[in-house]
Amino acid sequence: MRTTGIVRRLDELGRIVIPREYRRLYSINIGDPLEIVAMENGNIVISKVSNEGDLVALGRSACDSLASEFGLTAAISNFKEFIVGAGGGKSVLLSKEVSPELVKNLKDRRSGITGGISYGFSHMAYAPIFGTSDVFGGIFLFGGVQPDESKLSSLKIAGKLIGDSIQKF
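Reading the values: rules and limits
Residues numbered from 1 in each chain as written. Predicted model: local features only at pLDDT ≥ 70, side-chain atom pairs only at ≥ 80, totals over all residues. Heavy atoms only, no water. Helix = DSSP H or I, 4+ residues; strand = E, 2+ residues; numbered from the N terminus. Buried < 20%, exposed > 50% of the residue type's maximum accessible area, 1.4 Å probe, protein only. Areas by Shrake-Rupley, 256 points an atom, 1.4 Å probe, with all protein chains shown as cover. Lys, Arg positive; Asp, Glu negative; His and termini not counted. Charge placed at Lys NZ, Arg CZ, Asp CG, Glu CD. Patch = residues over 30% accessible without salt bridge, like charges linked within 9 Å, V, L, I, M, F, W, Y side chains within 5 Å. Salt bridge = Lys/Arg side-chain N within 4 Å of Asp/Glu carboxyl O. Core = buried A, V, L, I, M, F, W, Y, C linked by side-chain atoms within 4.5 Å. Contact = heavy atoms within 4.5 Å. Expected span 1.5 Å × (residues − 1). Arc of directions from axis to C-beta. Phe/Tyr/Trp six-rings, centres within 6.5 Å; stacked < 30°, edge-to-face > 60°.

Some thoughts on the overall build of the protein chain
Right, on to step 1. The number of helices and strands found in the protein chain is five helices and seven strands.
Right, on to step 2. Secondary structure of the protein chain in N-to-C order comes out as α-β-β-α-β-β-α-α-β-β-β-α.
Right, on to step 3. Expressed along its principal axes, the backbone C-alpha trace of the protein chain runs to roughly 60 × 30 × 25 Å.
Right, on to step 4. Taken across its 169 residues, the protein chain has 37% of its residues classed as buried.
Right, on to step 5. As displayed, the protein chain has an accessible area near 10600 Å², and 53% of this comes from carbon and sulfur atoms.
Right, on to step 6. Averaged over its 20 positive side-chain charges, the protein chain has a centre that lies 6 Å from the centre of its 18 negative ones.

Structural notes on unusual backbone geometry
Right, on to step 1. Even without glycine at this site, Arg-109 takes up a positive phi of about 60°.
Right, on to step 2. Structurally, Arg-109 is set in the loop between helix 4 (100–107) and strand 5 (112–118).
Right, on to step 3. Unusually for a residue other than glycine, Tyr-119 sits at a positive phi of about 60°.
Right, on to step 4. The residue Tyr-119 is located in the loop between strand 5 and strand 6 (121–130) in this model.

Description of a nonpolar patch on the surface
Right, on to step 1. Together, Leu-10, Ile-16, Leu-34, Ile-36, Ile-44 and Ile-46 make up an exposed nonpolar region whose accessible area comes to about 590 Å².
Right, on to step 2. Taken together, the elements giving at least two residues each to the nonpolar patch come down to strand 1 (34–38) and strand 2 (44–48).
Right, on to step 3. Structurally, the position occupied by Leu-34 is in strand 1.
Right, on to step 4. Residue classification places Leu-34 among the partly exposed residues on the basis of a relative accessible area of 31%.

Topic: the nonpolar core
Right, on to step 1. Core analysis: the largest hydrophobic core is formed by 22 residues, its most contacted members being Leu-55, Ile-76, Ile-129, Ile-139, Leu-155 and Ile-162.
Right, on to step 2. Every element with two or more residues in this core is listed here: helix 2 (52–70), strand 3 (73–77), strand 4 (82–86), strand 6, strand 7 (135–143) and helix 5 (149–166).
Right, on to step 3. Ignoring any residue separated from it by four or fewer positions in sequence, one finds Ile-162 in contact with Leu-55, Leu-58, Gly-59, Ala-62, Ile-76, Ile-129 and Ile-139.
Right, on to step 4. By size, the runner-up hydrophobic cluster in this structure holds 13 residues, among which are Leu-93, Val-103, Phe-121 and Tyr-126.

Comments concerning helix 5
Right, on to step 1. If you check helix 5, its first and last C-alpha atoms are 26 Å apart, about what 18 residues at 1.5 Å a residue would give, namely 26 Å.
Right, on to step 2. Residues Lys-151, Leu-152, Leu-155, Ala-158, Gly-159, Ile-162, Gly-163 and Ile-166 constitute the buried set of helix 5. One side of helix 5 carries all its buried residues, which in axial view fall inside an arc of 130°. Turned more than 90 degrees away from the buried face of helix 5, the exposed residues are Glu-149, Ile-157, Leu-161 and Ser-165.
Right, on to step 3. Contacts made by the buried residues of helix 5 are with helix 2, strand 3, strand 5, strand 6 and strand 7.

Regarding the packing of aromatic side chains
Right, on to step 1. Enumeration according to the criterion identifies seven aromatic pairs in this entry.
Right, on to step 2. Ring geometry for Phe-82 and Phe-140: centres 5.0 Å apart, planes at 70°, overall edge-to-face. With Phe-82 in strand 4 and Phe-140 in strand 7, the pair connects residues that are 58 residues apart, well separated along the chain. A single burial state applies to Phe-82 and to Phe-140, both of which are buried.
Right, on to step 3. Plain terms: the ring middles of Tyr-119 and Phe-142 are 6.1 Å apart, the flat faces sit at 80° to each other, and that makes the pair edge-to-face. Within this pair, whereas Tyr-119 is found in the loop between strand 5 and strand 6, its partner Phe-142 is found in strand 7, the two being separated by 23 residues in sequence.

So yeah, pure geometry; function would need other evidence.
As structure tokens, this is what we get:
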């Protein structure tokens with residue numbers, strides 16, 4: 001039996017619209033990278049590109065280094081939750097949701113240092129993980145003492161290096 005889908009027409013500029021139902025179902029958002037593959041049988045396949053495996057692998061190494069060097073808890077997030085951590089408080093962070101305000105700052109490529117209670121810690125520093133054109137998540141340091149500008153600079157450098165390594169386009 002043949003499955004049926006939603007039929008869309010190509011416009012004069014060669015574009016198609018991915019139906020809202022599919023975008024919601026597969027969490028495809030504006031700016032998400034999509035891969036287009038032409039198959040030998042004539043079909044064209046469009047797939048959402050996930051960089052999460054690369055983010056976890058590279059992030060683990062960066063978190064281990066930062067936590068060891070600074071004696072703080074280091075973590076990596078995508079735009080939903082913390083996915084990698086190192087240091088004494090990592091178990092507190094893993095799988096916790098990232099706040100919408102923090103996600104907005106990361107997507108806007110902003111970094112910062114905050115005081116007050118953040119995810120069970122009294123202080124936090126954060127920077128976006130980004131490549132040439134995409135932002136992939138964030139890199140964080142948490143602890144009981146406010147991180148200084150040198151630690152924030154280290155996060156910015158680590159975020160850029162991880163992002164450039166992940167960048168595929």
